[in-house]
Amino acid sequence: MADYRIFHSPRLSGEAWIGTAKNAVLPIMAASLLTGEECVIHKMPKLTDVEHMMELMINCGAEAKMQEDTAVIRGGAVHSPESEDLLRSMRASVLVLGPVLARNGECTFSMPGGCAIGQRPIDLHLKGLQKLGAKVETEGGQIRVSGKLQGANIYLDFPSVGATENLIMAATLARGLTRIENAAKEPEIADLCHFLVAMGARIAGIGTNNLTVEGVEEMHGAEYTPIPDRIEAGTLACAAAMTEGSVLLQNARSNHMRALMFKLAESGVIFQEDEKGLRLRGKARRPMEVRTLSYPGFPTDMQAILMAVATQLNGLSVFLETIFENRFMHVVEMNRLGANIRVEGQLALVQGGKNLTGAHVTATDLRAAAAMMLSGLVAQGETLLHDPAGHLMRGYEALEEKLQALGAQIEREA
Ligand code: UD1
């Protein structure tokens, strides 16, 4: 739990270092369970989700330790996760399913938790594993998946990120060839594939929605540095755009951020790419139309954050959320600051250009928390952001400190 006091802030300026992507690190950690040998992952971000994943590794029978910002994981003899609390603490815990099943022939677990942004079932994970020959049984609220895996053709009804990751990992040790069509192709999935290839996997079609995995007998240890966090970079870009700032996002990968950059550029922000990273300056001015989609479409993880920007644009901005059915929880909190946003089903209509005024607001999920922090930067007076579940620390490495270094007036209370 943490509280943040946020004050109306000047234009943000300076440099910010973009850390390693949470959504790349978590599946890569899970993939380490595919071998008994040592895997070494560098530049680990300091996040509570990463701490939970380290505990989950140990809970599954691995040895896992942090040496400064390097994680050393030795898969050893893996087994099903034993702690229900860990499984419930984050959605990404479901990612141990594929590796444990593939190594062990069996994995029993309970439904994962995470941000309450929708139903988030795991039917696509289970259906794909069944295609690979696994048997799925439910008993006493637990799901048991077992069997020797055999390559198969899988078509995903929806390009789920987690299901794609679980199925690729499971397929690396399945006998024969697995094809995954309509796979998700987020950069974090390509990153996972590159790590798996370093572990000895044979994967073709990396970065596309048509993946082929040729199963191998055994995987081996590997050393890897995952990609920078495009959502952290996008969040800081939005903070700069809201305050008419001038910021250099060091280490940002602009090729992973095209959809957001396009929206901000249409609205008036100027981008410049050089060897140090991504620079932006100027203010977002024109209202925008945003539709969340699978990559390379506009990321659902940036929707709440860009909506904070939209509250400052004169005119009507329209947001259509197509990935999660309950991802507008930040709207009530933004309206508490004086924003004028109306939700109609999966559509949010933002009548922008209103002056926001500081108030007490609550962090309802990870990206909503970031959106509220940014809203506080432009609200008159003081905004108290209450984050009882510690959402911000789950997914951002000291976001408030990075913003402070750019000139934002933020104090962390607990
Ligand atoms: C991942 C990201 C999350 C991001 C999301 C969408 C990680 C750790 N998290 O989450 O930050 O917001 O991708 O880009 O990488 N669905 C089903 N059945 C399934 C699986 C998913 O119906 O078996 C639905 C979900 O309920 C949701 C949609 O598909 O509505 C997208 O989910 P998915 O792509 O699986 O997201 P996650 O992997 O959970």
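What you are looking at is a predicted structure, and each value in this text was computed from that prediction instead of being measured. (Residues numbered from 1 in each chain as written. Predicted model: local features only at pLDDT ≥ 70, side-chain atom pairs only at ≥ 80, totals over all residues. Heavy atoms only, no water.)

1. Some words on the sheet that holds strand 13 (residues 223–224)
Okay, step 1: Overall, mixed pairing links the four strands, which are arranged 4-5-3-13 in an open sheet. Two strands lie at the open edges of the sheet, namely strand 4 (63–67) and strand 13, each paired on one side alone.
Okay, step 2: Strand direction decides the pairing type here: strand 3 (residues 38–41) and strand 5 (residues 70–74), joined by four bridges, are antiparallel. Each residue of the ladder has a partner; that of Cys39, found in strand 5, is Ile73.
Okay, step 3: The sheet strands contacting helix 2 (residues 48–59) are strand 4 and strand 5, and the helix crosses strand 4 at an angle near 150°. (Pairing = 2+ DSSP bridges. Helix = DSSP H or I, 4+ residues; strand = E, 2+ residues; numbered from the N terminus. Contact = heavy atoms within 4.5 Å. Axes fitted to C-alpha atoms, helices over the stretch in contact; angles between N-to-C directions.)

2. Things to note about the domain arrangement of the protein
Okay, step 1: For the protein, the domain assignment lists domain 1 (2–19 + 228–412) and domain 2 (22–224).
Okay, step 2: Contact with domain 1, which involves 23 residues of that partner, is made by 19 residues of domain 2.
Okay, step 3: The contact between domain 1 and domain 2 buries some 1900 Å² in all, and 54% of this surface belongs to carbon and sulfur atoms.
Okay, step 4: Three residues, Tyr295, Arg394 and Glu397, lead the burial of domain 1 against domain 2; their summed loss comes to 33% of the area buried on that side.
Okay, step 5: Counting residues per element, the ones that place at least two in the side of domain 1 that touches domain 2 are helix 12 (366–378) and helix 13 (391–395).
Okay, step 6: Per element, the largest residue contribution to the side of domain 1 that touches domain 2 is four residues, and it comes from helix 13. (Domains from an automatic or database assignment. Buried area = accessible area lost by both parts, 1.4 Å probe.)

3. Here we look at the sheet that holds strand 2 (residues 13–17)
Okay, step 1: Strand order across the open sheet formed by four strands is 2-14-16-15, with mixed pairing between neighbours. With one partner strand each, in any of the chains shown, strand 2 and strand 15 (270–274) form the two edges of the open sheet. Geometrically, the sheet is characterised by an average inter-axis angle of 15° between neighbouring strands, direction not taken into account.
Okay, step 2: Set on the sheet, helix 8 (residues 230–242) makes contact with strand 2, strand 14 (246–250) and strand 16 (277–281); between it and strand 14 the angle comes to about 170°.
Okay, step 3: The strands that helix 9 (residues 258–267) touches are strand 15 and strand 16; relative to strand 15, the one it contacts most, it runs at about 140°.

4. Concerning the site of the ligand
Okay, step 1: Surrounding the ligand, one finds 17 residues, the nearest of these being Asp123, Leu124, Ser160, Asp301 and Ile323.
Okay, step 2: Interatomic distance of 2.8 Å between a backbone N/O atom of Val161 and an oxygen atom of the ligand.
Okay, step 3: Between an oxygen atom of the ligand and a side-chain N or O atom of Asp301, the distance comes to 2.6 Å.
Okay, step 4: When the free accessible area of the ligand is taken as 740 Å², the share hidden by the protein chains comes to 87%.
Okay, step 5: Put simply, the parts of the chain that give the shell around the ligand at least two residues each are helix 5 (123–131) and helix 6 (161–172).
Okay, step 6: At three residues, the largest contribution of residues to the shell around the ligand is made by helix 5.
Okay, step 7: Across the shell around the ligand, the residue classes tally to seven nonpolar, five polar and five charged.
Okay, step 8: Of the domains in this structure, domain 1 (2–19 + 228–412) and domain 2 (22–224) are the two that each give at least three residues to the shell around the ligand. (Near = heavy atom within 4 Å. Polar contact = N/O pair within 3.5 Å; in protein donor to acceptor, adjacent residues only side chain to side chain. Areas by Shrake-Rupley, 256 points an atom, 1.4 Å probe, with all protein chains shown as cover. Nonpolar A, V, L, I, M, F, W, Y, C, P; charged D, E, K, R; others polar.)

5. Brief notes about unusual backbone geometry
Okay, step 1: A cis amide bond, omega 10°, links Tyr295 with the succeeding residue Pro296.
Okay, step 2: Its location among the elements puts Pro296 in the loop between strand 17 (289–291) and helix 10 (303–310).
Okay, step 3: Of note, Glu68 is a non-glycine position whose phi angle comes to about 55°, a positive value.
Okay, step 4: Within the secondary structure, Glu68 sits in the loop between strand 4 and strand 5.

6. Re the packing of helix 1 (residues 22–31) against helix 2
Okay, step 1: Contact geometry for helix 1 and helix 2: axes closest at 10 Å, N-to-C directions at 5°. The angle between helix 1 and helix 2 places the two elements in the roughly parallel class. Counted together, Lys22, Val25, Leu26, Met29 and Ala30 of helix 1 and Asp49, Val50, Met53, Met54 and Met57 of helix 2 form the full contact between these two elements. (Parallel < 35°, antiparallel > 145°, perpendicular 65-115°, else oblique.)

7. Considerations on the side chain of Glu188
Okay, step 1: Structurally, Glu188 is set in helix 7 (residues 187–198).
Okay, step 2: Residue class for Glu188 comes out buried when judged on its relative accessible area of 5%.
Okay, step 3: With residues near it in sequence (within four places) discarded, Glu188 still touches Asn23, Ala24, Glu165, Ile227 and Arg230. (Buried < 20%, exposed > 50% of the residue type's maximum accessible area, 1.4 Å probe, protein only.)

8. Let's talk about the layout of surface pockets
Okay, step 1: As a volume, the second largest pocket reaches approximately 380 Å³.
Okay, step 2: Here the residues of the lining of the second largest pocket sort into eight nonpolar, six polar and six charged. (1 Å grid on protein atoms, 1.4 Å probe; cavity = no way out; pocket = protein on both sides within 12 Å on 5 of 7 lines; lining within 4 Å. Points joined across faces, edges and corners; volume = space filled by probe spheres on them.)

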